[in-house]
Every structure is written in C-alpha cells, then in structure tokens.
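# A structural walkthrough
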Amino acid sequence: MASTSAVSTELPPDYRPWPALWAMVIGFFMILVDNTIVSVATPAIRDDLRTDYNSVIWVTSAYLLAYAVPLLVTGRLGDRFGPKNIYLVGLAIFTLASLWCGLTDSIEMLIVARVVQGFGAALITPQTMAVITRTFAPANRGAAMALWGATAGVATLVGPILGGVLVDSLGWEWIFIINVPVGIIGFVLAVRLVPALPTHTHTFDWLGVVLSGVGVFLVVFGIQEGEKYDWGRITGLVSVPLLIALGVIVFAAFIWWQARIKAEPLVPLGLFRDRNFSLGNGGIALVSLAITAMSLPFFFYAQGVRGWSPTESALLMAPMAVMLMVLSPFVGKLVDRIHPRNITIVGFGTAAIAMTWLSQLIAPDTPVWQLCLPMALFGISNACLWAPLSATTTRNLPMASAGSGAGVFNTTRQIGAVLGSAAIAALIQARLTAHGLEGATEAGQGSGPMPAPVQTAFSEAMGQTLYLPVAAFVVGLVLVLFLARPTHARPGS
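Residues numbered from 1 in each chain as written. Predicted model: local features only at pLDDT ≥ 70, side-chain atom pairs only at ≥ 80, totals over all residues. Heavy atoms only, no water.

What follows deals with the overall build of the protein. A count of helical and extended segments in the protein gives 20 helices and 2 strands. Sequence-distant contacts, at least 24 apart, represent 85% of the contacts inside the protein between residues at least 6 apart. As presented, the protein carries roughly 17,800 Å² of accessible surface, and 69% of it is formed by carbon and sulfur atoms. (Helix = DSSP H or I, 4+ residues; strand = E, 2+ residues; numbered from the N terminus. Contact = heavy atoms within 4.5 Å. Areas by Shrake-Rupley, 256 points an atom, 1.4 Å probe, with all protein chains shown as cover.)

Okay, structure coming up:
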C-alpha cells in the first residue's frame, strides 16, 4: 500500500491499490489483445468479406493508428477530468465498438468500426499507468508497473492464440464480440474499486494534436501503400516518397511547436531530460514494432505453406505465452532490486537471437518442435522487456505529469506498432515480388496449403521479412546499454 505522503493525501484512508489495479488490468488486457488478435484472423476476414490483402491489412493498421494518435491528449484528459472517469468512458466506447465490429458485413464498415474501437482504447491506456503512478509509492511502484508491463506482453502473445480458437470454433466475428461481456465486467469492477483521484487543470494543445496526427498518418500510409504503387506516383503530383517526406516534415513541425508553445505543450519535452524516460520510450517502441511485425508473416507461412488452421498456427505461439507468464512474476520482483540495464540487455539480446533462429526455420518441412524452440526463447525475451522497460521509463515521473508522461509512453509504444504493421506489409509485398509470387497471399488461405512449387519460395520470402524485427531488437539492445539506475530505487538495491 502507498506509504508516502505525496501519494496517500489524495486517497481514501481505506484504499487498497492492488484490487483497483487488477480491475483496470482487465480493460487494459482486452484492448491490447485486440492489437494482435486480428493477425491470425486476417485470411478469414479477407475471404468472408471478399476483399484483397492490402485492404484487410487496414483492419489492423486503422485500429493501431486511431489508438496511437489520441494518446498524447487522452493522458491529459485523465489529469483534467480524473483517470477513473476517462477510463470508464473509454471502456464503454471500446465495448460498443467491438459489438459493431462483430456485426458488420463489409470491409469498409469494419475499418470504420476499428477506428472507433481504437479511440476507445486510447482513452483507456494512459489511465492505468497514471493510477499506478499516483497511488503506489515510488519504492513499490516497480512491482505494480511490472504487472502492467507483463499484462502488455501476455496480451500481445495471447491475442493470436485466442483469435485462432475463436475463428475456428465460432467465426472471425467473435474475436470482437467476446469483448462485450469482458467489457461489462471490467466496467462494473472499475466503478466499484478504482478511486476518484483529484484532478489537475491542464490546457489542451489542439494544434499539436493535429500536427502529430497528420504526421503519423502520412508516414504510415506512405509506408504501407508504397509497394502497391511501386514506391512511385499515386495520382497527379502525389507520390509515395512525397507523402512520407511530408509526414516527416509535419512531425518535425510538431516537435518545433512543442518547444515554442507558451502554454502546456502536448509533449512536455522536459520529460526527456530524464535519460531513462527517453531510452525507455525508444525501447518500448522497438519492442512493439518488432512483435507486431513478426506475427503477420509467420501466420501467412503457417496457414499458407503448412496448411494449418488458425488455431493450429496460433498454438505455435503457446511456448512464448507460457514462458512469459511463468517468468513475469520473477522478473517483476527483480525490477525494484537490480539495475534495469541488466534485465533489458538479456531481453533484447535473446529476442534478436530468437528471431534470427526462427527466420532460418521457416521452410515447408520444418518439424513443429523445432519451431517451438525459438518461440520459447522469445517468451523469455518478452518477460525481460515489457515489465522492466515500463517500470524504468515511468519511475521518476512527477505526480502532476503522470497523465502526460503515460500518454507519451503509450504513444511511442503504439506508434511502434503502427510502423511495424505498415513496414511489414510493405516488406512482405516486396519480398513476394522479388520471388515472383505477387499473388501468393491469395492462395491457400482457408483452403489448405499453397501449391508445392511455390511453398519453398514463399517460405524464403516470409523468413526474410523477419530480419525487420531482428534489426529492431539489435537497435534496442544498443539503447538500453545507456540506462541509468532509477532515482527511486528500493533501499539497498
């Protein structure tokens, strides 16, 4: 229980922080599952809604984009109107949008519903971190943040497994409909257990919201659609390189505006003076990018080359989920005691090894048990990444900046996922084109494996795309070498 006056003065005397945190973790887990649950259902959605590969990718990208862009302001909304209130509003929007996703019968409406669902998720996520920061004493915050980080990791890996079971047994619609009862339970628990914390007055930088949103959208759209237009002209004077360049320029203008604005900036650049906050944000973005990027080519290989069902292919991720769930409690205990650099070096290093190993095993006749080995190693990696990065990044945040700091952290995490989704889509198309297999993703989905003559070339293409997450993990390894011991470390650590 919180023990410092900075925390206890704004809480009821009988408040218990752990039940409240578990109540919010339900909603947080649900929205993060939706980050990855669609990947295993992508072939089924494409076939049922009679759409093409590039369009169905937007079912994932639209959600991630709508999730990422508002995060900078939704953290501030929690500070202004109370994290409990914003959490409940977001959970209600997410739950209703999930029902909409499950009932839609066109790819266009599904993408629109996913945008609304992503906005609800953006309202929820920063509030969980803000409640941790404001209700747990700094010396005990590592364990609470470890639960938050472990939840993010488990959800990322469990999503495809749960999605595979639901697609095979009930249909792809149920990967969304199942959120409805979970959302209702989470709403009731949050009403009863989460405290109404004092609010802090904030101004809102709407120009910053527009600049950041436009910049991210232009970059993501350009990367994802680049291969479709052969990285050239889209229409008239508009080309893919121009869109990406404009996106970078607009985002640079956003940073410039944040440094110049007289009132409260959307992104308090002063937070980045803390080395761990800066490095932790970069690290979690790379983790999110890599995990989002690795799932799609793996499932196309599993279902298209091996002919496995969604459930069978998703179960290949079970070793990851098991190792992560087993190790997370132990890693959580270490977060407050030892230097975060030591844990995260293990995480990034083993992740790069696991992805390199897996890329060499992507072949038509690889035994299943061999695929499970790098997956298990990847689970160990994730246990050493999510919780330590989350705890270390936010450990030194001042109370008044809890919402904005959480918003920045979650924005970088989601932008990493958005860029991972867009980049891997472009890379898949590029490698298939290089192997003369432009139409291969249309074959073998939902109707058994691909024709034997193309299986080897397709496997090689998918294996080569896994070097994107490998590169991300190597960069992350370099970043965390510079992590410092947190200011609020447990005595004797």
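Now that the structure has been shown, the text picks up again.
Moving on to the environment of Gly304. Within the fold, Gly304 resides in helix α12 (residues 275-305). For Gly304, a relative accessible area of 0% puts it in the buried group. Measuring from C-alpha to C-alpha, the distance between Gly304 and Pro43 comes to 9.4 Å, with 261 residues separating the pair along the chain. (Buried < 20%, exposed > 50% of the residue type's maximum accessible area, 1.4 Å probe, protein only.)

For the rest of this paragraph, the subject is the pattern of salt bridges. What the rule picks out here adds up to 2 salt bridges. We note a salt bridge from Asp34 to Arg114, for which the minimum N-O separation is 3.4 Å. Residue Asp34 is found in helix α2 (residues 17-48), and its partner Arg114 is found in helix α6 (residues 107-135); the two are separated by 80 residues along the sequence. Given the relative accessible area of 0%, Arg114 is considered buried. Residue Asp47 pairs with Arg46 through a salt bridge whose shortest N-O separation is 3.4 Å. (Salt bridge = Lys/Arg side-chain N within 4 Å of Asp/Glu carboxyl O.)

This next bit is on the packing of α12 against helix α17 (residues 386-394). At their nearest, the axes of α12 and α17 sit 8 Å apart, and the two run at 150° to each other. As the angle between them shows, α12 and α17 are arranged roughly antiparallel. Both α12 and α17 take part in a crossing whose hand is left-handed. Touching Asn276, Phe277, Gly280, Asn281, Gly283, Ile284, Val287 and Ile291 of α12 are Trp386, Leu389, Thr392 and Thr393, all from α17. For the contact of α12 with α17, the per-class residue count stands at 6 nonpolar, 6 polar and no charged. (Axes fitted to C-alpha atoms, helices over the stretch in contact; angles between N-to-C directions. Parallel < 35°, antiparallel > 145°, perpendicular 65-115°, else oblique. Left-handed = near helix turned anticlockwise from the far one by under 90°. Nonpolar A, V, L, I, M, F, W, Y, C, P; charged D, E, K, R; others polar.)

On to empty space enclosed by the protein. Overall, the coordinates contain 3 cavities of 30 Å³ or more when judged by the stated rule. Quantified by volume, the largest cavity comes out at close to 140 Å³. Lining the largest cavity we find 13 residues, and of these Ser39, Thr60, Thr292, Leu296 and Ser421 sit closest to its centre. Ranked by the residues each element gives to the lining of the largest cavity, the list is headed by α2, at 5 residues. A class-by-class count of the residues in the lining of the largest cavity yields 5 nonpolar, 8 polar and no charged. (1 Å grid on protein atoms, 1.4 Å probe; cavity = no way out; pocket = protein on both sides within 12 Å on 5 of 7 lines; lining within 4 Å. Points joined across faces, edges and corners; volume = space filled by probe spheres on them.)

For the rest of this paragraph, the subject is the side chain of Thr411. Note that Thr411 resides in helix α18 (residues 402-434). In contact with Thr411, not counting residues within four places along its chain, are Ala68, Leu71 and Leu72.

With their axes 6 Å apart at the nearest point, helix α4 (residues 71-81) and helix α5 (residues 83-103) run at an angle of 130° to one another. In terms of orientation, α4 lies oblique with respect to α5. Between α4 and α5, the residues in contact are Thr74, Leu77, Gly78 and Phe81 and Pro83, Asn85 and Ile86, respectively. Class assignment of the residues belonging to the contact of α4 with α5 gives a composition of 4 nonpolar, 3 polar and no charged.

Let's shift gears to a nonpolar patch on the surface. On the surface, Trp100, Met109, Val112 and Val116 cluster together into a nonpolar patch covering about 290 Å² of accessible area. At 3 residues, α6 tops the list of elements feeding residues into the nonpolar patch. Within the secondary structure, Val112 sits in helix α6. (Patch = residues over 30% accessible without salt bridge, like charges linked within 9 Å, V, L, I, M, F, W, Y side chains within 5 Å.)

Tracing the backbone through its elements, the reader meets Gln258 in helix α11 (residues 240-260). A distance of 2.7 Å separates the side chain of Gln258 from the backbone nitrogen of Val267, its partner in a polar contact. Beyond its immediate sequence surroundings of up to four residues, Gln258 is in contact with Asp205, Gly208, Pro265, Leu266, Val267 and Leu269. (Polar contact = N/O pair within 3.5 Å; in protein donor to acceptor, adjacent residues only side chain to side chain.)

Our next topic: helix α9 (residues 179-193). Helix length check: α9, at 15 residues, gives a terminal C-alpha distance of 20 Å against a target of 21 Å (1.5 Å per residue), a fit within 8%. Turning to α9, its buried residues are Asn179, Val180, Gly183, Gly186 and Ala190. The buried residues of α9 occupy an angular sector of 125° when the element is viewed end-on, so they sit on one face. Here the buried face of α9 lies against α2, α5, α6 and α8 (174-177). (Expected span 1.5 Å × (residues − 1). Arc of directions from axis to C-beta.)

Let us now look at the packing of aromatic side chains. Taken as a whole and judged by the stated rule, the model has 8 aromatic pairs. Residues Tyr63 and Tyr67 carry aromatic rings whose centres are separated by 5.8 Å and whose planes lie at 70° to one another, so their mutual orientation is edge-to-face. Of this pair, Tyr63 and Tyr67 both sit in helix α3 (residues 53-68), separated by 4 residues, roughly a single helical turn. Summarising the burial analysis for this pair, Tyr63 and Tyr67 share the class buried. Among the aromatic residues, those joined into a ring-pair cluster are Phe298, Phe299 and Tyr301. Positioned over the ring face of Phe81 is Arg80, at 5.1 Å from the centre of the ring. (Phe/Tyr/Trp six-rings, centres within 6.5 Å; stacked < 30°, edge-to-face > 60°. Lys NZ or Arg CZ within 6 Å of the ring centre and 35° of its normal.)

What follows is about unusual backbone geometry. The phi dihedral of Arg50 is positive, around 55°, even though this residue is not glycine. Residue Arg50 is classed as exposed on the basis of its relative accessible area, which comes to 75%.

Since the α-helix packs 3.6 residues into each turn, any two residues three or four apart lie on the same face. Relative to the 46 Å expected for 32 residues at 1.5 Å per residue, α2 spans 45 Å between its end C-alpha atoms, a close match to the ideal helical length. Along α2, the sharpest kink reaches roughly 60°, centred on Ala41 and followed within four residues by the proline Pro43. Where α2 ends, the next residue or the one after it, Arg50, has phi of about 55°, a positive value. (Bend = angle between axes of the 7 residues up to and from the residue.)

This part takes up the confidence of the model for the protein. Mean pLDDT for the protein: 82, with 88% of residues reaching 70 or above. No element of the protein has a lower mean pLDDT than helix α1 (residues 5-8), which averages 43, and none a higher one than helix α20 (residues 467-480), which averages 96. Counting contacts from residues 1-9, a segment whose pLDDT is below 50, to residues more than four positions away or on other chains yields 19 contacts. The low-confidence segment residues 489-493, where pLDDT is below 50, has 8 contacts with residues more than four positions distant or belonging to other chains. (pLDDT = per-residue confidence, 0-100.)

On the secondary structure map, Gly226 appears in the loop between α10 (206-225) and β1 (233-235). In this structure Gly226 touches Trp231 and Val240, once residues within four positions along its chain are discounted.

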